[in-house]
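If you want the building blocks of each chain, they are given just below.
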Amino acid sequence: MISISGLTKRYRDVLAVDGVTLEVPAGSVCGLLGRNGAGKTTTFKCLLGFARPDAGEVRFDGAPLTPQTFEHLGYVPERPELYSWLTVAQHLEIVRRSQPKYDEAFAKELLATFRLDGRKKAGKLSKGQQTALALIIAIATRPSILILDEPASGLDPVMQRVVLDLLIDAATSGATILLSSHQIGQIDRAADRVAIMRDGAIVVSGGLDDLREAARIVEATFDTAIPDVAAIDGVTRVETAGTTVRVHANGRAPAVAARLGALGATGVRVLDRSLEDLFLDAVDDGGNR
Amino acid sequence: MEYVEILRARRVLFWYGLVLLVQVLITAATVFFGHPSVHRGNSTAHFSSIVVAALFGGAIVATFVGAGLNAESGRTAIVWTRPKARDAIAWRYIAVDVVTILIGYALMLVTVVAVTAIIGILDQFTYDVAQSARFLALGVGAALMWYALISLVAARLPGRGGLIAGLSWAAFIVIIAVREAPFPLPLHALIYALNYIDPLAYIGATGTDQPLLPLAQPVRIAMVYAIAIVALAGSVRLWSTREA
């Protein structure tokens, strides 16, 4: 389990992370979404001790971060940080020598999966291959906690699928995973929880199904004038276009739909919303950015 | 994690050793083909001058490995995610570097002895084991101090270790070169003070033990090691507590 409580990080006069509180239960995959500069990477840095938070607390399985935490924590950075002059095999040797739980057979299996040649120098690898190597370094110990910053960046669609499958497998085996990605489809497929950051703060978080349920929209068409629907219990936002009204039902779509029917709507339907819709709603700031 | 530094050191020592070997082979070839560039004379010199001159071997190696820890500033995802305390990782890097510098020093010493033997002037040196041992301690200490100062400054400026290591040569040579220049008093005092953090200033005139600093040799030996240890402790502290 990853528990983040009131995490705050300020760089001079920029509040990079603003009181982030987030809990990722054991065995769950949490997707951290946000626009560039939203504070995702800084949050990760604070989690891993790369940056000192000004306030807040981070706990992994109930304990604060210590060097020993990294025996069961794997991290994939936003940009692979490899030694261009070392071979793929030498990178894995670093892990073998420094991680008691290194699983050599699994690492070899991963090399084959990603079609990486152990003799090739990291500097000669493509961007996608470098990402794959960074991923192998992180997961070759079969960590119980994984933190991944854009883990599929630079990979082709086939390899992206492989990475997602690996993450899903890890989560199925009980690993707790926190990953960020700009590719919402990846999060949608792999994550069961989502947190969306804006301006350093988490503006939406929760189980993906719950969030989807809460975000469902009810669309109703009236032959006559549209009645006052804003007063309906559960309605948080109303958009009208001609004789059609769309209301955000805040998790109460069936009840709101029934109420709209009772108010004389000739057609009522409940619309599911995609994660992308949720994300765009959450980061929407009226077009000021 | 010191595995990376071992690989880095191995690479440095390979190329450094190769250059020294070429130097020996060129000297041998020159003598073999009858064109020795050095002629025997009647003058003698202390063998300790060779011992202390090998400092430059250690300094050359120190220049290449001195920025090793600093180079890891761009690889925190690998280095800082190991289940070891950061300062323990740093000290292990330093241990590898110190051994590398000692090897570099020894290789230079062997090379100079080989070259002087090949050109036939080795018997013109006078040998004093105690004096040579003192100069060895001083030379090794000065090389380590050089390394430690590079590490300390590089720890303050992540990503610029190579530049700092290269500039250290110019800085240390200039500091002792201008120490007697007729600068105004405050500047002169500053330059004089800077001599105390210049490893070359602790060596003195080679072979004759005439110090550039008004300190007895045992004091200078103690100081180069003390400065090296303090500088290394500082660089470890800076490296392990900085933010990525």
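See the structure printed just above.
So, here is what we can say about the structure in this document.

### Observations concerning the overall build of chain B
The number of helices and strands found in chain B is 11 helices and two strands. In terms of its C-alpha atoms, chain B occupies a principal-axis envelope of roughly 60 × 45 × 30 Å. Here chain B holds 244 residues, and the buried ones make up 47% of them. Expressed as a percentage of contacts within chain B between residues at least 6 apart in sequence, the contacts between residues at least 24 apart total 80%.

### Some words on the pattern of salt bridges
Residue and element names in this part refer to chain A. Overall, the coordinates contain 20 salt bridges over all chains when judged by the stated rule. Between aspartate 103 and arginine 142 there is a salt bridge, and its shortest N-O distance comes to 2.9 Å. Note that aspartate 103 is positioned in the loop between α2 (88-98) and α3 (104-113) and arginine 142 in the loop between α4 (127-139) and β6 (145-149), a separation of 39 residues in sequence. Look at aspartate 103 and you get partly exposed, because its relative accessible area is 23%. Residues glutamate 219 and arginine 269 are paired through a salt bridge, measuring 3.0 Å at the closest nitrogen-oxygen approach. Taken together, the residues glutamate 219 in strand β10 (residues 217-221) and arginine 269 in strand β13 (residues 267-271) connect sequence positions 50 residues apart. For glutamate 219, a relative accessible area of 15% translates into the label buried.

### Points about the interface of chain B and chain A
Much of the literature gives interface size as the accessible area that the parts lose upon coming together. Each partner contributes to the interface: chain B provides 26 residues, whereas chain A provides 28 residues. Looking at the side of chain B facing chain A, the largest losses of area belong to Tyr3(B), Pro83(B) and Glu243(B), adding up to 27% of the total buried there. Taken together, chain B and chain A are joined by one salt bridge. Among the salt bridges present, the one from Glu243(B) reaches Lys9(A), with a minimum N-O distance of 2.8 Å. There are 12 residue pairs in polar contact (both at pLDDT 80 or more) connecting chain B and chain A. If you list the elements that add at least two residues to the side of chain B that touches chain A, you get α1 (2-32), α5 (76-79) and α6 (86-118) of chain B. In terms of residue count, the dominant contributor to the side of chain B that touches chain A is α1(B) (six residues).

Reading the values: the criteria
- Residue positions are given per chain, counting from 1 as you read along its sequence in written order.
- Each chain gets a letter, beginning with A, and each ligand a number, beginning with 1, in the order they are written.
- Where totals are concerned, whole chains, interfaces and linings use all residues; where local detail is concerned, this predicted model gives features only for residues with pLDDT of at least 70, and gives and counts side-chain atom pairs only at 80 or more.
- Excluded from the side-chain calculations are hydrogens and water; all other atoms, namely the structure's heavy atoms, are used.
- Numbered from the N terminus, helices here are DSSP runs of H or I no shorter than four residues, and strands are runs of E no shorter than two.
- Here's how the labels work: a residue is buried when its accessible area is under 20% of the maximum for its type, exposed when over 50%, partly exposed in between, all with a 1.4 Å probe on protein chains only.
- Here a residue-residue contact requires only that any non-hydrogen atoms of the pair lie within 4.5 Å.
- Think of a salt bridge as a Lys or Arg side-chain nitrogen and an Asp or Glu carboxyl oxygen that are within 4 Å of each other.
- Accessible surface is computed with a 1.4 Å probe, and the buried area is the amount of it that two parts give up when combined, taken over both parts together.
- Definition of a polar contact: a pair of N or O atoms within 3.5 Å, with one able to donate and the other able to accept a hydrogen when the atoms are protein atoms, and with sequence-neighbouring residues admitted only if both atoms are side-chain atoms.

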